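# Survey of secondary and tertiary structure
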Amino acid sequence: MDILLCAACGHRLTEPVRRLDGMPEFPDWDGLPGPDGQRLPPARLSRGTYAVDPLPHGAPFVPAPKDEEYDGVVPGGKWMSDERGLLVSAGPRDTYVLHPLDVPELVFHPDSWRHIGCCGPDGEHGANRLCPCGAEVAIVAADCTSEYATRFVPDAVRTVPA
Ligand SMILES: [Zn+2]
Ligand SMILES: [Zn+2]
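Residues numbered from 1 in each chain as written. Chains lettered and ligands numbered in written order. Predicted model: local features only at pLDDT ≥ 70, side-chain atom pairs only at ≥ 80, totals over all residues. Heavy atoms only, no water.

### Description of the overall build of the protein
Along the backbone of the protein there are 0 helices and 12 strands. Element order for the protein, N to C, with α for helix and β for strand: β-β-β-β-β-β-β-β-β-β-β-β. Against the globule reference of 15 Å for 162 residues, the protein gives a C-alpha radius of gyration of 16 Å, in line with a compact fold. Its C-alpha atoms put the protein at 45 × 35 × 35 Å along the principal axes. Between the centroid of the 14 positive side chains of the protein and the centroid of its 24 negative side chains there is a distance of 4 Å. (Helix = DSSP H or I, 4+ residues; strand = E, 2+ residues; numbered from the N terminus. Rg over C-alpha atoms; globule rule 2.2 N^0.38 Å. Lys, Arg positive; Asp, Glu negative; His and termini not counted. Charge placed at Lys NZ, Arg CZ, Asp CG, Glu CD.)

If you want it as structure tokens, here you go:
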């Protein structure tokens with residue numbers, strides 16, 4: 001088992017979690033409410049586990065390469081566009097993905113833009129949780145339109161044996 005610590009100050013950020021070999025398949029919608037009664041998809045990871053996602057996640061978004069076949073913001077992902085045309089994610093790769101309930105309460109990012117979503121943050125607008133020291137450590141996604149997961153930015157954390 002491992003725990004994640006803030007790389008800047010050493011603050012403990014997670015419960016002990018066991019690393020999986022890869023990202024689990026996207027879970028099918030089960031219609032069950034989230035812990036606060038919200039409309040949420042099932043959590044991306046099971047309690048007590050984590051995985052490293054090699055794909056880029058969330059903001060910033062950049063125009064999709066012209067000659068490449070477009071397959072959403074990430075491969076197999078949803079489509080996104082703005083005045084520049086179709087977009088792909090240029091967000092952090094290798095985020096550590098956990099079940100949100102394996103992450104004790106973190107500090108809300110003061111930038112309200114980063115919490116945008118329909119009934120919860122969609123996790124597409126950059127890090128939205130801070131370590132108590134102020135470091136931008138995590139991206140919480142908990143919306144009916146998003147996955148249900150807490151991701152840690154790899155440059156902002158380190159893993160140590162629990
Ligand atoms: Zn810290
Ligand atoms: Zn919603």
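### Examining the coordination of the zinc ion (ligand 1)
The protein atoms that coordinate the zinc ion (ligand 1) are Cys6 (SG), Cys9 (SG), Cys131 (SG) and Cys133 (SG), at distances of 2.3 Å. For the zinc ion (ligand 1), the 4 donor atoms in the first shell make angles of 102 to 113 degrees at the metal, so the coordination geometry reads as tetrahedral. One chain supplies every donor to the zinc ion (ligand 1), and in sequence these donors are spaced C-x2-C-x121-C-x1-C. Separated by 122 residues along the polypeptide, Cys9 in the loop between strand S1 (2–6) and strand S2 (18–19) and Cys131 in the loop between strand S9 (129–130) and strand S10 (136–142) bring together distant segments of the chain. Residue classification places Cys131 among the buried positions, given a relative accessible area of 1%. (Donors = N, O, S within 2.8 Å, 3.2 Å for Na, K, Ca; no water. Tetrahedral: all angles 85-135°; square planar, octahedral: opposite > 155°, others 65-115°. Buried < 20%, exposed > 50% of the residue type's maximum accessible area, 1.4 Å probe, protein only.)

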